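The primary structure of each chain is shown beneath.
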2 protein chains.
Amino acid sequence: MSKSHKRSGVSLAEVAKAAGVSKMTASRVLRNASGFSAETRDRVMREVERLGYVPNRIAAAFGSEQTSTIVGVCVPHLSSTLYGTVLDSINHAFSRFGYQTIIGSHENEPEAEEAWVRNILSWRPAGVIISGRTHTTATIELLKAQAVPIVEIWNLNTSPLDISVGFNHYDCGREMGQYMLSKGRRRIGYVGAEANAPGMGAARLEGFEEALRASDRPLATKEVLIDRPGFYAGFYGTETVLNRAGDIDAIYFQDDAMAIGGMFYCQSKGIDIPGDVGIAGWGSMEVASVIPQRLTTTAVGTQSLGKSAAEALISRIRGEPVDDVIVAPTRLVPGNTV
Amino acid sequence: MSKSHKRSGVSLAEVAKAAGVSKMTASRVLRNASGFSAETRDRVMREVERLGYVPNRIAAAFGSEQTSTIVGVCVPHLSSTLYGTVLDSINHAFSRFGYQTIIGSHENEPEAEEAWVRNILSWRPAGVIISGRTHTTATIELLKAQAVPIVEIWNLNTSPLDISVGFNHYDCGREMGQYMLSKGRRRIGYVGAEANAPGMGAARLEGFEEALRASDRPLATKEVLIDRPGFYAGFYGTETVLNRAGDIDAIYFQDDAMAIGGMFYCQSKGIDIPGDVGIAGWGSMEVASVIPQRLTTTAVGTQSLGKSAAEALISRIRGEPVDDVIVAPTRLVPGNTV
DNA sequence: TGCCATTGAGTTACCGGTAACGCAACCAAA
DNA sequence: TTTGGTTGCGTTACCGGTAACTCAATGGCA
């Protein structure tokens, strides 16, 4: 099959000519602007239908910069359910309002994000959504120079570049620390994983440590694997900390996947949960609710976060007033693993 | 903060003037085309740097239709790890080759896909990737009329619109059916879930049923929940089929998440796996490898599928020869649950 | 009846790049 | 020296829409 990459499409001018009106009138009909009669509209639409006209948004965006409906969204990666859910709700909100989402993933490498930003800005997007707390200075300068609306998601940022919509990770960690202490845990460890630079669990760990310190029960041990957070990493991270500090009575995991990995490690070794070791995660993974023991975790509103982020960006684009800092909901869910 | 949505950017003309060359020469330098001296290149690049020039791809794509670097990818949804992994590897491959990925999700509703296609085509993409076997006739006509390179992913399609890269779901199902029979299973049930129309597990079920029929052990019972496939659905679907047909000795699940839900249902009821009931899934979820019993499943190369799909599309775009039908790898992984 | 506001169009100019072509300067081979 | 190819760069003409403006016809109201 030989595909012709030539300019093939029907243009607005052809539609207009066929309908016996000017390009401008046809344009008005298609954008549903005012200034045409019902009869004219029908004539134009009939030709649109007949000729199979597909509007050319590249040309439209080019001709009147106001109308770019592209938004860029860059998350750490696309394969995790957590970010996937966020992306899904962002994309839904955007498509409902007629925006197209261009995605990117940076694998927690600020340089990859910078490259993505450079790229996306060349499409003159109506707005961009970026994630995490770490951006290169070049990234920030590029975004500022283009004066493009920005939403930073995931981590709450009280002095955002533009708008921040995120979870209060610090408070999540602190709350869980206090909870574990309240359940009588005294020697507590932490297991996390980060493939590249700073990692998305850092703020939770900070809050968690702070809570323990405040009660004079500082973190007993910490293991942050150089790996993608996941079931495996949780499994082996648990093995590591238990071998290193066999007397700990609880482990806080970076997320539920790791916590579940840890639970199964314990199960495989005959370690009783929560009798011997208490376990807590973060993120309210679905699988956590079908396993025999309900995992103590923090439920997070990823959908809510995505929706808020998209809606805040749209408001900003439209010049409507928006809150600069929006906290996405989280809630400690006591299970029976601590 | 008042964001100006005005035409702000530095244009190529300004860069060219500052560098004392023509627009065309500056354009050549930036596209790394030939026809300029090293000295000219340095002069231009210095001004690019100094003025913070960000190329305008909208204009570039508009001016010379050949150069649109947008590709569209539409999957059922973005929140599952399975599609997420595919999307991730597609996106990686594309960004390595300088393409921008615009995403869409259709939730298994062909009409949603049609709307997305209509939208994406107005961006004159270099190519599109769609998924599943069900498309509206309007979708197909639109794509054909625009003569845009297309890759259909997920389901293998032996007579594709353009290119098909997919798993051979039918064979996966058939192979698993034969395997379960070979392990002495005789009364076998199926548990699946589909939120909307046709569902992505249908072809596997067909192959599975065929294998059972061929051995005169037809499917004993089938439960397809009207729900998103997941741990919950697997849990409750298992409850349903076991209550309905308590004498079945094995269940084939639509995917691993459902199978794991089913395993935990059995565990909660004291039903021995594989003693009382054998269980098999599909998709090689990571969590399946940390639970105490290794789940019998079919490992699928989602990354490989994504990479192949992206590379095939790029080859097609470039006019290089490509196979029309590419099978992504799958492999039955015997665990100890059947 | 005369005047002005409204409606339904058309005209013109432009957005910021790139393709295609032109052309002078230079160099190597005949 | 002539010829022909290459190199380096400029000129021109668009790509397909939309903003801003203009203008004639219409109709309501004083």
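*Asks:* Provide a residue-level description of the domain arrangement of chain A, including the pertinent values.
*Replies:* Residue and element names in this part refer to chain A. Split by domain assignment, chain A resolves into domain 1 (12-55), domain 2 (66-167 + 302-329) and domain 3 (169-300). If you look at the interface, domain 2 gives 16 residues, while domain 3 gives twelve residues. Note on domain 2 versus domain 3: buried area summed over both sides is about 1,300 Å², and carbon and sulfur give 59% of it. Of all residues in domain 2, Asn 108, Arg 133 and Phe 167 bury the most surface against domain 3, accounting for 39% of the area lost on that side. A salt bridge links Arg 133 to Glu 206; the nearest nitrogen and oxygen atoms lie 3.4 Å apart. Here domain 2 is connected to domain 3 by four residue pairs in polar contact (both at pLDDT 80 or more). Contributing elements (two or more residues each) for the side of domain 2 that touches domain 3: helix H5 (81-96) and strand S4 (150-155). Tallied by class, the residues present in the side of domain 2 that touches domain 3 amount to seven nonpolar, six polar and three charged.

*Asks:* Summarise the packing of helix H1 (residues 12-19) of chain A against helix H2 (residues 23-30) of chain A; cite the residues concerned and give the values.
*Replies:* Packed helices, taken two at a time, are described by the angle between their axes plus the distance between the axes. All names here are of chain A. Two numbers describe how H1 lies on H2: the axes approach to 8 Å, and their chain directions differ by 105°. Relative to H2, the element H1 lies roughly perpendicular. On the side of H1, the interface is formed by Leu 12, Ala 13 and Ala 16, while H2 contributes Lys 23, Ala 26, Ser 27 and Leu 30. Taken together, the residues that form the contact of H1 with H2 break down as five nonpolar, one polar and one charged.

*Asks:* I'd love a proper account of the nonpolar core, names of residues and values included.
*Replies:* Residues A:Phe94, A:Ile153, B:Phe94 and B:Ile153 are the most contacted members of the largest nonpolar core, which totals 95 residues. If near-sequence neighbours (up to four positions away) are discounted, A:Phe94 is found in contact with A:Val71, A:Val73, A:Tyr99, A:Thr101, A:Ile129, A:Ala310, A:Leu313 and A:Ile314. One finds A:Ala259, A:Ile273, B:Ala233 and B:Met263 within the second-largest nonpolar core, a separate group that totals 56 residues.

*Asks:* So, the packing of aromatic side chains: which residues are in play, and what are the values?
*Replies:* The geometry of two aromatic rings is summed up by the distance between their centres and the angle between their planes. All names here are of chain B. For the coordinates displayed, the defined rule picks out 22 aromatic pairs over all chains. When the centroid spacing of 5.3 Å and the interplanar angle of 80° are considered together, the rings of Trp 154 and Phe 167 count as edge-to-face. Of this pair, Trp 154 sits in strand S4 (residues 150-155) while Phe 167 sits in strand S5 (residues 163-167), and the two are 13 residues apart along the sequence. We note that Trp 154, like Phe 167, is buried.

*Asks:* If you had to explain the sheet that holds strand S8 (residues 250-253) of chain A to someone new, which residues and values would you point to?
*Replies:* Residue and element names in this part refer to chain A. Spatially, the four strands line up as an open sheet ordered S7-S6-S8-S9, and their pairing is parallel. This sheet does not close on itself; its edge strands, each paired only once, are strand S7 (221-225) and strand S9 (278-280). Each strand axis lies, on average, 15° off the axis of its neighbour in the sheet, ignoring direction. Across five bridges, strand S6 (residues 188-193) lies against S7 in parallel orientation. For Gly 189, the partnering residue across the bridge sits in S7 and is Thr 221. In the packing of helix H11 (residues 256-269) onto the sheet, contacts are made with S6, S8 and S9, and the angle to S9 comes to roughly 155°.

*Asks:* Describe the protein's contact with DNA strand D, with residues and values.
*Replies:* Close to DNA strand D lie 25 residues; A:Lys23, A:Ser27, B:Thr25, B:Ser37 and B:Thr40 are nearest. Close to the protein, within 4 Å, the atoms of DNA strand D are drawn from sugar and phosphate at a rate of 52%. Within the contact set of DNA strand D, a phosphate oxygen lies 2.9 Å away from a backbone nitrogen or oxygen of A:Leu12. Separating a phosphate oxygen of DNA strand D from a side-chain N or O atom of B:Thr25 is a distance of 2.6 Å. Those elements that provide at least two residues to the surface near DNA strand D are H2 and helix H4 (57-63) of chain A together with helix H2 (23-30) and helix H4 (57-63) of chain B. In terms of residue count, H4(A) provides more of the surface near DNA strand D than any other element does, four residues in total. Class assignment for the residues of the surface near DNA strand D results in ten nonpolar, eleven polar and four charged.

The rules we used
Residues numbered from 1 in each chain as written. Chains lettered and ligands numbered in written order. Predicted model: local features only at pLDDT ≥ 70, side-chain atom pairs only at ≥ 80, totals over all residues. Heavy atoms only, no water. Domains from an automatic or database assignment. Contact = heavy atoms within 4.5 Å. Buried area = accessible area lost by both parts, 1.4 Å probe. Salt bridge = Lys/Arg side-chain N within 4 Å of Asp/Glu carboxyl O. Polar contact = N/O pair within 3.5 Å; in protein donor to acceptor, adjacent residues only side chain to side chain. Helix = DSSP H or I, 4+ residues; strand = E, 2+ residues; numbered from the N terminus. Nonpolar A, V, L, I, M, F, W, Y, C, P; charged D, E, K, R; others polar. Axes fitted to C-alpha atoms, helices over the stretch in contact; angles between N-to-C directions. Parallel < 35°, antiparallel > 145°, perpendicular 65-115°, else oblique. Core = buried A, V, L, I, M, F, W, Y, C linked by side-chain atoms within 4.5 Å. Buried < 20%, exposed > 50% of the residue type's maximum accessible area, 1.4 Å probe, protein only. Phe/Tyr/Trp six-rings, centres within 6.5 Å; stacked < 30°, edge-to-face > 60°. Pairing = 2+ DSSP bridges. Near = heavy atom within 4 Å.

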